[in-house]
Amino acid sequence: PSSVRLLAHPSADGQIRELSQLPLPREGGWPRRIVVAVGPEAGWEDPAELEMLQAAGYEQVDIGPRVLRSDVAVMALLALADDLADRWDVEAASNV
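Please read these numbers as outputs of a predicted model, since none were measured by experiment.

Conventions and cut-offs
- Residues numbered from 1 in each chain as written.
- Predicted model: local features only at pLDDT ≥ 70, side-chain atom pairs only at ≥ 80, totals over all residues.
- Heavy atoms only, no water.
- Helix = DSSP H or I, 4+ residues; strand = E, 2+ residues; numbered from the N terminus.
- Buried < 20%, exposed > 50% of the residue type's maximum accessible area, 1.4 Å probe, protein only.
- Pairing = 2+ DSSP bridges.
- Axes fitted to C-alpha atoms, helices over the stretch in contact; angles between N-to-C directions.
- Salt bridge = Lys/Arg side-chain N within 4 Å of Asp/Glu carboxyl O.

## Remarks on the overall build of the protein chain
Logical step 1: What the protein chain contains, in helices and strands, is 2 helices and 3 strands.
Logical step 2: Ordering the α and β elements of the protein chain from the N terminus gives β-β-α-β-α.
Logical step 3: Expressed as a percentage of its 96 residues, the buried residues of the protein chain come to 28%.

Have a look at this one:
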């Protein structure tokens with residue numbers, strides 16, 4: 001894929017994967033970018049917004065147990081996404 005799309009939204013039932021647990025994408029080659037969607041504090045309120053983003057290929061991820069302000073959540077998600085990309089680099093290099 002040319003991009004990996006991440007939707008930050010807390011999980012009420014604990015079924016959403018934590019960002020750090022996302023596997024290296026296998027099909028379509030290495031992603032060239034990570035796109036993130038962050039909603040208001042405590043997550044997206046309208047189920048239709050979540051459905052629309054998921055239909056557009058966004059994978060819902062949880063970035064931790066704390067409720068963050070949107071600006072803080074963006075910074076946290078970018079830092080975690082950068083760490084994830086570094087881990088993917090190491091995994092891809094070890095698979096060559």
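From this point, things continue past the structure.
## A short note on the sheet that holds strand 2 (residues 33-38)
Logical step 1: With parallel pairing, the 3 strands of this open sheet are ordered in space as 2-1-3. At either margin of the open sheet sits one strand with a lone partner, and together these are strand 2 and strand 3 (59-61). Recorded for the sheet is a direction-independent mean angle of 35 degrees between the axes of neighbouring strands.
Logical step 2: By the bridge criterion, 6 bridges tie strand 1 (residues 3-8) to strand 2 in an arrangement that is parallel. Paired with Val4 across the bridge in strand 2 is Ile34.

## Points about the pattern of salt bridges
Logical step 1: Overall, the coordinates contain 1 salt bridge when judged by the stated rule.
Logical step 2: Asp71 is paired through a salt bridge with Arg69; the nearest N and O atoms lie 2.9 Å apart.
Logical step 3: Residue Arg69 is classed as partly exposed on the basis of its relative accessible area of 48%.

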